[in-house]
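# Structural characterization, general
For reference, the chains in residue letters:
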Amino acid sequence: MSTFYKVNIQEVQQETANAVSVLFKIPENLKSDFNFIPGQYITLQKVINGEEVRRAYSICSTPKSGEIRVAIKAVENGVFSTYATSKLKAGDEIEISAPEGRFILNAEDNKNYIGFAAGSGITPILSMIKTVLETETSSTFTLVYGNKSVVDTIFYEQLNTLKETFLDRFKLHYIFSREDVKNQLKGRISSNVTNYFVKNMYKETSFDAAFLCGPEEMIEEVSKTLESNKISKENIHFELFTTSVDEDAAAEVKEGITEVTVLLDDEETTFTMQQTDDLLAASLRNNLDAPYSCQGGVCSSCMCKVTEGKAVMVKNSILTDSEIEEGLVLACQAYPTTSKIVIDFDDV
């Protein structure tokens, strides 16, 4: 079951014309529930126009700060993001879930980190950067951050202040696609840009880990380039805005009926569903409080285990091959392909 806590908004701060950061007032008795690791997200839940809407947003504050703050950027046709950036205000009540997510940095001393972020992808990486600078006095962080222009750059002033404060340990590089800015690159984050930094500007630096957040095309291109520059795959961590459809998996989805048994909160529920429907949507329609957040295959909130039968995922940027072999799936992207299937939300 998804556990949501009613809290009040302490502050809404305008970061750019279409992005805000939201600080939540966490009651003292809930603070232990909101301990987090840099890079994690929380899920926000609000009734908007009569419909319950949930969305996941990364935490941009640090554990040391004692704050839970997220950044929200309005996206076209985004029900929650449009509401949040135009309607939310200090004092409003909202429901939020405890922090979760696998895109994390456990800061260690004597490490060199590099990050590549595009647009609102800066949110989880900002938490990582500040944590490294605040807590690990001999570690460094290098950031390459892409945006359309200066005015579109979320946390622009905050990042510049960090650069001035931690001159020896924080290296900051902007790249703008629609504005010429002195001493900054123009264009988008690509393999050429990645090579420019890791093979040339920082050729004497051995990076221990890389953290990437942005569009899928950028993630794929940068990841391959980093691997070619001898940063091992297991040390390249990423979080996507969206992920593309696996056409081979999608081709396995056929017309048919499946009997589904769901184990959730130690209770079993059985129902039938169309095989052209995903497991999460079918569970919700059958009044099960299955956990979920993004519904786009880019978070891990709806993860469950298939213990009998089979399902295919049409999108996945979270689960590893070994986890899939164990039977783990993202319910929002999983379609049953057998006449009977049993899924377990508890044993994950």
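A quick note: this is a predicted structure, and the numbers were derived from the prediction, not measured. (Residues numbered from 1 in each chain as written. Predicted model: local features only at pLDDT ≥ 70, side-chain atom pairs only at ≥ 80, totals over all residues. Heavy atoms only, no water.)

## So, the pairing of strand E12 (residues 236-240)
- Relative to E12, strand E11 (residues 209-214) runs parallel, the two sharing five bridges. Bridge pairing in E12 places leucine 212 opposite phenylalanine 238.
- Viewed along the sheet, the connection from E11 through helix H5 (residues 216-228) into E12 turns out right-handed. (Pairing = 2+ DSSP bridges. Helix = DSSP H or I, 4+ residues; strand = E, 2+ residues; numbered from the N terminus. Right-handed = clockwise from strand over helix to strand, strands pointing away.)

## Focus on the packing of aromatic side chains
- By the definition in use, this model includes 10 aromatic pairs.
- A centroid spacing of 6.3 Å and a plane angle of 40° characterise the contact between tyrosine 145 and tyrosine 174, whose relative ring orientation is tilted. Taken together, the positions of tyrosine 145 in strand E8 (residues 140-147) and tyrosine 174 in strand E9 (residues 170-176) put the pair 29 residues apart, joining distant regions of the chain.
- Its relative accessible area of 0% is what places tyrosine 145 among the buried residues.
- The exposure class assigned to tyrosine 174 is buried, which follows from its relative accessible area of 4%.
- Each residue in the set Phe103, Tyr113, Phe141 and Phe211 is aromatic and connected to the rest through ring pairs, giving one cluster. (Phe/Tyr/Trp six-rings, centres within 6.5 Å; stacked < 30°, edge-to-face > 60°. Buried < 20%, exposed > 50% of the residue type's maximum accessible area, 1.4 Å probe, protein only.)

## So, the nonpolar core
- If you look at the biggest cluster of nonpolar residues, it comprises 28 residues, and the most contacted ones within it are Ile122, Ile125, Phe141, Leu143, Leu159 and Phe170.
- At the level of elements, strand E7 (112-118), helix H2 (122-135), E8, helix H3 (156-165), E9 and E11 are the ones that each hand at least two residues to this core.
- Top contributing element to this core by residue count: H2, with seven residues.
- Judged by nonpolar contacts, the second largest core, of 27 residues, contains Tyr292, Cys304, Leu330 and Cys332. (Core = buried A, V, L, I, M, F, W, Y, C linked by side-chain atoms within 4.5 Å.)

## So, the sheet that holds strand E2 (residues 19-25)
- Pairing in this open sheet of six strands is antiparallel, and the strands run E4-E3-E6-E1-E2-E5 from one edge to the other. With partners counted over all chains shown, the strands left at the sheet margins are strand E4 (51-58) and strand E5 (68-73), one partner each. Along the sheet, successive strands turn relative to each other by an average axial angle of 40°, direction set aside.
- Direction of pairing for strand E1 (residues 4-16) relative to E2: antiparallel, over a ladder of seven bridges. By the bridge assignment, glutamine 13 is partnered in E2 with serine 21.
- Those strands touched by helix H1 (residues 79-86) are E2, strand E3 (41-48), E4, E5 and strand E6 (93-97), and its axis lies near 85° from that of E3. (Axes fitted to C-alpha atoms, helices over the stretch in contact; angles between N-to-C directions. Contact = heavy atoms within 4.5 Å.)

## A closer look at the pattern of salt bridges
- Scanning all chains against the criterion turns up 11 salt bridges.
- A salt bridge links glutamate 67 to arginine 69; the nearest nitrogen and oxygen atoms lie 3.9 Å apart.
- Linking lysine 186 and aspartate 180 is a salt bridge whose minimum nitrogen-to-oxygen distance equals 3.6 Å. (Salt bridge = Lys/Arg side-chain N within 4 Å of Asp/Glu carboxyl O.)

## Structural notes on the environment of lysine 310
- Looking at where lysine 310 falls in the secondary structure, it is placed in the loop between strand E15 (303-308) and strand E16 (311-313).
- It is 8.2 Å that separates the C-alpha atoms of lysine 310 and lysine 340, two residues lying 30 residues apart in sequence.

## What about the sheet that holds E7?
- Reading across from one edge, E10-E9-E8-E7-E11-E12 is the order of the six strands in this open sheet, with parallel pairing throughout. The sheet is open, and its two edges are formed by strand E10 (185-186) and E12, each paired on a single side.
- When E8 meets E9, the two strands line up parallel, connected through seven bridges. Residue pairing in the sheet places asparagine 147 in a bridge with phenylalanine 176 of E9.
- Across the sheet, H3 lies against E8 and E9, angled at about 145° from E9, the strand it touches most.
- The strands that H5 touches are E7, E11 and E12; relative to E11, the one it contacts most, it runs at about 165°.

## Quick notes on the packing of H2 against H3
- In the contact formed by H2 and H3, the axes pass within 12 Å of each other and the chain directions differ by 25°. The angle between H2 and H3 falls in the class roughly parallel. Regarding H2 and H3, the two cross each other, and that crossing is left-handed. Contacts between H2 and H3 involve Ile122, Leu126, Ile129, Lys130 and Leu133 from the first element and Gln158, Leu159 and Leu162 from the second.
- In terms of residue class, the contact of H2 with H3 is made up of six nonpolar, one polar and one charged. (Parallel < 35°, antiparallel > 145°, perpendicular 65-115°, else oblique. Left-handed = near helix turned anticlockwise from the far one by under 90°. Nonpolar A, V, L, I, M, F, W, Y, C, P; charged D, E, K, R; others polar.)

## Description of the pairing of E6
- Where E1 lies against E6, five bridges are found, and the strand directions are antiparallel. When the sheet's bridge partners are listed, tyrosine 5 is paired in E6 with isoleucine 96.
- Across two bridges, E3 lies against E6 in antiparallel orientation. Pairing of glutamine 45 across the sheet is with glutamate 95, part of E6.

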